[in-house]
Amino acid sequence: MPGVLPVLNRKVVDYTLKMALATGCAIAPVSRFARKNYFYPDLPKGYQISQYELPMAEHGHIHIEIDGKKKRIGITRAHLEEDAGKSLHEDFAGMTGVDLNRAGTPLLEIVSDPDMRSGAEAVAYMRKIHSIVTYIGICDGNMSEGSFRCDVNISMRPKGQEEFGTRAEIKNLNSFRAVRKALAYEADRQARVLRDGGKVVHETLLWDESRERAVPMRSKEGASDYRYFPEPDLIDFDIDGRRLERVRESMPELPGAARHRDRPPGRTEIRVPDSRHPYAREKVNLFPTNQTRPGRCHRPRPALQCFAPNSDEAYQADEDPEEMNKHWNRTYPFQGMGVCFRVFS
């Protein structure tokens, strides 16, 4: 509303610290908000309050598991910002509606390092982040409502080339299936462009779920186009040691740590530490891998078993045609994968 000034939500800061601790990030002693200027219909005031040069957390990592092998995925940064409105493309024939009910709510964006090399790895990474944020209780993880969503960046490069190619970004994917399909589509599109001697355009794309294709949304801006400057209505804030220690003590044991603790062979029962979690049961059955496929169990999947991705054999077979492998490497993504989610305020 006109004349309303922003106020930092203290609880959101604590939730961001929880996420930083859960992913091994370095927490900045001083953080600063910045004003990010751009025009889009879901941002009626013409700028977004975000963080630029001094984010709250940087240089973390998580581990994913693909075909029984662990892989380390680095996290570039995690920063707070305000959410924009939601553009509605499906319910209006030939037009776009805008829902501004979520505008201004707190949003935490996590940006990965360019460590993923397949759609299966991207989906596993997204599942791991989803499992963490829901388990530690900072997000409800509702993807259909946009509480947890993902922007993916992808580029292609000739085999043996060290430098990444020109990236394209696909915005606001709100399902694991959409991430898998969008990456497969865009990888094939970029490969065709490069094989034909063309150049990939640095742009932002929108995933059309009904047609299963990515359509251009706008040219991709750089940092200079956003004209960042310190947010004049919010001062810098620091994180003192007592606050950080208080947040650390409130953290539950993470699912990965609980799952990989020493346990006797065969069927084992362990307790979920936080009964308020939506996946929580008084007891959770864990099965050794020789009794069930990864990601499968005989009851609703608890948070402790969310790290194993669903099977993606069909997608993996489609994403690496023999002819393309002779000339191109897949690079998912170029500058990282941004996972955005609204935290409880």
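Residues numbered from 1 in each chain as written. Predicted model: local features only at pLDDT ≥ 70, side-chain atom pairs only at ≥ 80, totals over all residues. Heavy atoms only, no water.

Attention now goes to the overall build of the protein. Each helix and strand counted, the protein has 8 helices and 19 strands in total. Relative to its 345 residues, the protein shows a buried fraction of 50%. By sequence separation, contacts in the protein at least 24 residues apart represent 67% of the contacts at least 6 residues apart. Carbon and sulfur atoms form 50% of the exposed surface of the protein, whose accessible area is close to 17600 Å². (Helix = DSSP H or I, 4+ residues; strand = E, 2+ residues; numbered from the N terminus. Buried < 20%, exposed > 50% of the residue type's maximum accessible area, 1.4 Å probe, protein only. Contact = heavy atoms within 4.5 Å. Areas by Shrake-Rupley, 256 points an atom, 1.4 Å probe, with all protein chains shown as cover.)

Scanning the model with the defined rule gives 18 salt bridges in all. Two residues, Arg35 and Glu231, come together in a salt bridge whose shortest N-O distance is 2.9 Å. Highlighted residues: Arg35 in strand β3 (residues 34-37) and Glu231 in the loop between β14 (229-230) and β15 (237-238), separated in sequence by 196 residues. For Arg35, a relative accessible area of 13% translates into the label buried. The class of Glu231 is buried, set by a relative accessible area of 3%. With its nearest N and O atoms 4.0 Å apart, the salt bridge here joins Glu203 to Arg189. In this pair, Glu203 is assigned in strand β12 (residues 203-208) and Arg189 in helix α3 (residues 176-195), connecting sequence segments 14 residues apart. With respect to burial, Glu203 and Arg189 carry one shared label: buried. (Salt bridge = Lys/Arg side-chain N within 4 Å of Asp/Glu carboxyl O.)

Attention now moves to the side chain of Arg35. A distance of 2.9 Å separates polar atoms of two side chains, one belonging to Arg35 and the other to Glu231. Sequence-distant contacts of Arg35, that is, excluding residues within four places in its chain, are made with Tyr47, Gln48, Tyr226, Arg227, Tyr228, Phe229, Pro230, Glu231, Pro232 and Asp233. (Polar contact = N/O pair within 3.5 Å; in protein donor to acceptor, adjacent residues only side chain to side chain.)

A few words on the sheet that holds β3. Across a sheet, strands are paired by hydrogen bonds formed along the backbone, either parallel or antiparallel in direction. Read across the open sheet, the 3 strands follow the order β4-β3-β14; overall the sheet is antiparallel. In this open sheet, the two edge strands, each paired with only one partner strand, are β4 (47-50) and β14. Sheet topology places β3 next to β14; 2 bridges connect them, and they run antiparallel. Within the sheet, the bridge partner assigned to Arg35 lies in β14 and is Phe229. (Pairing = 2+ DSSP bridges.)

The next subject is the confidence of the model for the protein. Of all residues in the protein, 72% attain a pLDDT of 70 or more, and the chain-wide mean is 76. Predicted confidence for residues 266-336 stays below pLDDT 50, and this span has 165 contacts to residues more than four positions away or in other chains. (pLDDT = per-residue confidence, 0-100.)

Bridge count for strand β1 (residues 26-27) against strand β5 (residues 57-66) is 2 bridges, and the pairing is antiparallel. Bridge assignment links Ala26 to a residue of β5, and that residue is Glu58. Sheet topology places β5 next to strand β6 (residues 69-82); 9 bridges connect them, and they run antiparallel. Among the inter-strand pairings, Glu65 is bridged to a residue of β6, identified as Lys70.

What follows is about the nonpolar core. Core analysis: the biggest nonpolar cluster contains 60 residues, and Met19, Ile62, Tyr125, Ile129, Ile170, Leu173 and Val179 have the highest contact counts within it. The biggest single contributor to this core is helix α2 (residues 119-135), with 9 residues. Excluding its chain neighbours within four sequence positions, the residues that come into contact with Leu173 are Met126, Arg149, Cys150, Val152, Ala178, Val179, Ala182 and Trp207. (Core = buried A, V, L, I, M, F, W, Y, C linked by side-chain atoms within 4.5 Å.)

Quick look at the packing of aromatic side chains now. Under the counting rule described, the total for this entry stands at 5 aromatic pairs. Look at Tyr226 and Tyr228: their rings are 5.9 Å apart centre to centre, the planes differ by 70°, and that puts the pair in the edge-to-face class. Members of the aromatic cluster, each reached through a chain of ring pairs, are Tyr38, Tyr52, Tyr226 and Tyr228. Sitting over the face of the ring of Tyr47, Arg35 holds its NZ or CZ atom 3.9 Å from the ring centroid. Stacked on the ring of Phe176, the Lys or Arg Arg127 has its end atom at 4.2 Å from the ring centre. (Phe/Tyr/Trp six-rings, centres within 6.5 Å; stacked < 30°, edge-to-face > 60°. Lys NZ or Arg CZ within 6 Å of the ring centre and 35° of its normal.)

This part takes up helix α5 (residues 241-249). Among the residues making up α5, those that are buried are Arg243, Leu244 and Val247. Looking down the long axis of α5, one finds its buried residues gathered within 100° of arc, a one-sided arrangement. Structural note: α5 exposes Gly241, Arg242 and Glu249 on the side pointing more than 90 degrees away from its buried face. Buried residues along α5 sit against α1 (10-22) and β1. One side-chain oxygen at the N-terminal end of α5 lies 3.1 Å from the backbone nitrogen of Arg242; it belongs to Asp240. (Arc of directions from axis to C-beta.)

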